Amino acid sequence: MAESRISADGGMETSYGFREVADGEKQGLVNEVFHKVAKRYDIMNDVMSMGLHRVWKDAMISSLNPRKDQGYKVLDVAGGTGDIAFRIVEASNRLAHATVLDINGSMLGVGAERAAKKKLSDNLTFVEANAEELPFEPNSFDAYTIAFGIRNVPRIDVALKEAHRVLKRGGRLLVLEFSEVDLPLLDRVYEAWSFNAIPQFGKAITGDAEPYQYLVESIRKFPNQQDFATMIREAGFSRVNFTNYTGGIAALHSGWKL
């Protein structure tokens, strides 16, 4: 069942879960997954993380500690439903502005509806675009965040370089992603849960197990903490570190543009 993780040298661009696909094919396949799960995205994250994603996201925002002023600008990538952006705006006392970028229009539609219900629309801009080719000028943002999305980007190294480009000097990168469990017993339990239970829950919730099968396989293929930290450094970031959550089921990576 287990497949070797991709190293810092790359390989995610042709890895659709455990399946190798042609160069350029992955993005369309991933888009289809998220079109299918957009309306049930929060339920999906609850299933994938056993509900812990909410705690991890709150910890991510605490680490970011967004400034409470109207000039503070954040780019949240692959965040179409607004989960991270809403937290950032609220933590800034509704003063910060967050640009939510996603390549998937279905996810952005869900986020815009949620923002209106929360009366946060004035603090948010929704942009449909590719993380590998950001439509922004250099030095535009104080922070760049991405939660559980970087592993779905085909060319992760390109996306990280784009993150560095659009950040201001002194800007911060924060990446929250499922990672490599560092406790042997927990590792076995989590892998059994991932590969046996999650696709079945997905099928029960959405009627389709395939998107969930891809998502758990993509977690297993994603570079481990040290390798991903190396990729962040190679993109030009300084003071790179990571914090494991729940034994490494997820990890928060941090880097600075200095």
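Residues numbered from 1 in each chain as written. Predicted model: local features only at pLDDT ≥ 70, side-chain atom pairs only at ≥ 80, totals over all residues. Heavy atoms only, no water.

Student: So, the nonpolar core: which residues are in play, and what are the values?
Tutor: Of all hydrophobic cores here, the largest spans 32 residues; its most connected members are L75, Y144, L173 and F228. Those elements that place two or more of their residues in this core are β3 (73-77), β6 (141-147), α6 (156-166), β7 (167-178) and α9 (225-234). The biggest single contributor to this core is α6, with five residues. Apart from residues lying up to four places away in sequence, L173 is in contact with Y144, L160, A163, L167, I232, F237, H253, S254 and G255. If you look at the next biggest cluster of nonpolar residues, it comprises 22 residues, including W56, A96, A143 and L176. (Core = buried A, V, L, I, M, F, W, Y, C linked by side-chain atoms within 4.5 Å. Buried < 20%, exposed > 50% of the residue type's maximum accessible area, 1.4 Å probe, protein only. Helix = DSSP H or I, 4+ residues; strand = E, 2+ residues; numbered from the N terminus. Contact = heavy atoms within 4.5 Å.)

Student: A description of the pattern of salt bridges should follow, citing residues and the corresponding values.
Tutor: Per the stated rule, a full pass over the model turns up 13 salt bridges. With a shortest N-O distance of 2.8 Å, R94 and E90 are connected by a salt bridge. Take R94: its relative accessible area is 36%, and that puts it in the partly exposed class. Between E191 and R220 there is a salt bridge, and its shortest N-O distance comes to 3.5 Å. Separated by 29 residues along the polypeptide, E191 in helix α7 (residues 184-206) and R220 in helix α8 (residues 210-221) bring together distant segments of the chain. Each of the salt bridges in this network shares a partner with another, and the network as a whole consists of K57, D58, D83, R87 and R114. (Salt bridge = Lys/Arg side-chain N within 4 Å of Asp/Glu carboxyl O.)

Student: Outline the sheet that holds β3, supporting the account with residue identities and numerical values.
Tutor: Pairing in this open sheet of seven strands is mixed, and the strands run β5-β4-β3-β6-β7-β9-β8 from one edge to the other. A single partner strand is all that each edge strand has here, and the edge strands are β5 (124-128) and β8 (238-245). Strand-to-strand twist across the sheet, computed as the mean angle between neighbouring axes with direction ignored, equals 15 degrees. Across the sheet, α6 touches β3, β6 and β7, and the angle it forms with β7 is around 145 degrees. (Pairing = 2+ DSSP bridges. Axes fitted to C-alpha atoms, helices over the stretch in contact; angles between N-to-C directions.)

Student: Requested: an account of the pairing of β3, with residues and values cited.
Tutor: Of all five residues making up β3, four are buried, and the element is well covered by its neighbours. Pairing of β3 with strand β4 (residues 97-102), which is carried by five bridges, proceeds in the parallel orientation. Note on β4: the bridge partner recorded for L75 is T99. Of the crossover connections in this fold, the one passing from β3 over helix α4 (residues 83-91) to the parallel β4 is right-handed. (Right-handed = clockwise from strand over helix to strand, strands pointing away.)

Student: Requested: an account of the environment of L95, with residues and values cited.
Tutor: The residue L95 is located in the loop between α4 and β4 in this model. Taking the C-alpha atoms as reference points, L95 and N123, 28 residues apart in sequence, are found 7.4 Å from one another.

Student: Please give an account of the side chain of E132 that cites residues and values.
Tutor: By secondary structure assignment, the location of E132 is in the loop between β5 and β6. For E132, a relative accessible area of 11% translates into the label buried. A polar atom in the side chain of E132 sits 2.8 Å from the backbone nitrogen of R155. Residues contacting E132, with those up to four places away along its chain left out, are V153, P154, R155, V158, A159 and E162. (Polar contact = N/O pair within 3.5 Å; in protein donor to acceptor, adjacent residues only side chain to side chain.)

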